[in-house]
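# Fold and contact review
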Amino acid sequence: MEQDKIYNVGSYIRLSREDEDKNKIESESISNQRNIILDYINKQKENFKIYDEYVDDGVSGTTFDRPSFNRMIRDIESGKINCVITKDYSRLGRDYIKAGEYMEKYFPQHNVRYIAILDDIDTYLDSVSNDIAPFKAVFNDQYAKDTSKKVRRSLRSKKEEGKFLGWKAVYGYKLDENDRYKLVIDEEVAPIVRRIFKMAYDGMSCKVIADTLSKEGIPIPSVYANLNRGVKSSSYGLWCSRTIDEMLCNPTYIGNLCQGRRKTINYKIKKEIRTPKSSWIVIENTHEPIIDKEMFDIVQQVYKKNKHQQNNSTNYLLRGFLYCSECGHSISISKRTEDRAYTGCTYYQKHSKFKVCTPHTMNYQKLEKEVLREIREMCKKYVDSTNFENLLKNASKRNKVKEKIKGEINSCNLEIEKLNKRKNKIYFDKIDEVITLEEYKDFNNQIINDILSNQLKLKELETQLEIIENKMKPNNDYTSIVKEFLRLRKPSKNLIACIIDSIMITQNKEITINYKIKDPNLLINELSTD
Ligand SMILES: [Zn+2]
């Protein structure tokens, strides 16, 4: 090792208009670049001596015809400096081919050591990574720019969304007196909202809930809003089931900002157009919730299941869960005698003339018994499994999504690695004159573009992963639900809705239960392959 060799350093600093991006100004400022270089030199054991500082201010990195850069080259050629240090590789230049030629050809030919501090490039160390690092560096620079723009854009749009919704408080909330873009709970009517959800939770229909409130003389939301603004009203109005229906599925009540639910928002016009759920814009955890998420979710499910049976007096436990395996339509339950009911494919029943499906007739009571027995067995397995707590933590959907993203990140990395290898190969093909310089440039550009798009995809995936890890806390703790189920002889519909999603029935009367909880054995397999 040339321990005693003296390195006469040319510290090269470049500030360009490309960096006149607010976020970049600070990190790329001349003093910042200088500090990083000085700090680096002070920390080295080797003998570095600064010969001169070469500053190009306001010159683009795409050209190499820069005054100070040219002066540095002259100093190299007259033997005054034998080491060039830059903060990072992009300071040397943004034209990666040209910059690469300096690093890989020109500097070595002139016995000049080149160091790009933040990119871990040091030609003296002669590491293989020097070959790949510069290209990464240039890209990193570009993503850094892209991502910071993205972050700012998303922050801004979030703000705008928040403001946009803010001017209309949903029943149960009011606008914060100090911050009109924020929702706070309106304690005067929040209890009514809680009561409405409780009634729905207990299985009351929207119509029954609406009638109950009307009978009690509770002002309807529009009348209440007017009263609050000092507009007196002769009546309190009548609640209609549509209002209740709309409230029950409004995620504002669990603390999420929700907009785009209606096309026309106007206090004076009562008739408003409701938009489909898919076009709602929801931002989570923007204000204090009135209803906890667990209750909200159960209401969504129970309510959805109950929608099918409004005209039917008997509330069968499995109604709304049964589906036809053959055609995918729902399976109905109809009473034949006082204590006997039968199932049937609704599609077949409607269009039996056209032979679209088969009857799917089963004794409902027997089916219910069989289903409950099977669910119970599953729940027992669930509780019995040894590392139960651990499994629960991993059972959430969150992890499934996380794993999927991780998989994509992995394949993205592999692809980049592959491309880098190919890039190296064509570099040697060029040296061996297997390909011409022109061909090399073409191939190289192509590969670099591919790497870049993969790197961008990677950044996006990593951002997604971060969001999931920070924001989606596991909230599906099934322990209590499963234990509750095992405790009861006849569980409630709500509880079943927590455990199962659907029950498929084939024409041969085979039953498949689709669980929300996971088979513990499957979970163990999933975890062990992690
Ligand atoms: Zn069918």
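Within any chain, residue numbers begin from 1 and follow the written order of that chain's sequence. Note on the predicted model: pLDDT of at least 70 is required for a residue's local features to be given, and 80 or more for side-chain atom pairs to be given and counted; whole-chain, interface and lining totals, by contrast, use all residues.

## Digging into the overall build of the protein chain
For the purposes of this entry, the term helix denotes a DSSP run of H or I that reaches at least four residues, the term strand denotes a run of E that reaches at least two, and both are numbered from the N terminus. A tally of regular secondary structure across the protein chain gives 19 helices and 14 strands. The buried share of the protein chain, reckoned over its 530 residues, is 25%. Residue pairs at least 24 apart in sequence account for 62% of intrachain contacts in the protein chain once pairs closer than 6 positions are excluded. Remark: C-beta atoms are placed from the backbone, and a residue is labelled buried if 20 or more other C-beta atoms sit within 10 Å of its own, exposed if 12 or fewer do, or partly exposed between those counts. We call two residues in contact whenever the C-beta atoms placed from their backbones are within 7 Å.

## Here we look at the nonpolar core
Grouped together as the largest cluster of nonpolar side chains are 52 residues, with contacts concentrated most on V193, I196, F197, I209, I244 and C324. With seven residues, helix 13 (residues 364-384) is the largest single contributor of residues to this core. Each domain's limits were defined by an automated method or a database of domain assignments. Viewed by domain, this core spans two of them, domain 2 (167-309) and domain 3 (322-393 + 478-528), each represented by three or more residues. Defined on buried residues, the nonpolar core groups Ala, Val, Leu, Ile, Met, Phe, Trp, Tyr and Cys residues joined through C-beta atoms within 7 Å. Listed in part, the 23 residues of the second largest apolar core include I13, Y54, I76 and V84.

## Looking at the sheet that holds strand 13 (residues 500-505)
Pairing is mixed in the open sheet, where three strands are placed in the order 10-13-14. The two strands at the open ends of the sheet, each matched to only one other strand, are strand 10 (322-324) and strand 14 (511-515). Taken over all neighbouring pairs, the strand axes of this sheet differ in orientation by 30° on average, direction set aside. Paired strands, in this sense, are two strands between which DSSP finds at least two bridges. As judged from the five bridges shared by strand 13 and strand 14, these two strands associate in the antiparallel manner. Its bridge partner lying in strand 14, M504 is registered against T512. Lines fitted to C-alpha atoms define the axes, with helix axes restricted to the stretch in contact, and inter-axis angles between N-to-C directions lie between 0 and 180 degrees.

## Quick look at the environment of N8
Position of N8 among the secondary structure elements: in strand 1 (residues 6-15). Linking N8 and K80, residues 72 residues apart in sequence, is a C-alpha distance of 7.1 Å. The residues touching N8, leaving out its near neighbours within four places in the chain, are K49, Y51, K80, I81, N82 and C83.

## Focus on the packing of helix 7 (residues 190-201) against helix 10 (residues 241-248)
The description of two helices packed together rests on the angle between their axes and the distance between the axes. Interaxial distance between helix 7 and helix 10 falls to 11 Å at its minimum, and their mutual angle equals 90°. Comparing the axis directions of helix 7 and helix 10 gives the class roughly perpendicular. Of helix 10, the residues touching helix 7 (which contributes V193, I196, F197 and A200) are I244, M247 and L248. Lys, Arg, Asp and Glu make up the charged group, whereas Ala, Val, Leu, Ile, Met, Phe, Trp, Tyr, Cys and Pro make up the nonpolar group; the residues left over, Gly among them, are polar. Of the residues that constitute the contact of helix 7 with helix 10, the class distribution is seven nonpolar, no polar and no charged. Small angles under 35 degrees read as roughly parallel and large ones over 145 as roughly antiparallel, with 65 to 115 read as roughly perpendicular and the rest as oblique.

## Description of the pairing of strand 13
Sheet topology note: the strand 10/strand 13 ladder contains three bridges and is parallel. Along strand 13, the bridge assignment pairs L322 with I503. Adjacent in sequence and paired antiparallel, strand 13 and strand 14 are bridged by five residues, among which K509 carries a positive phi angle near 65°.

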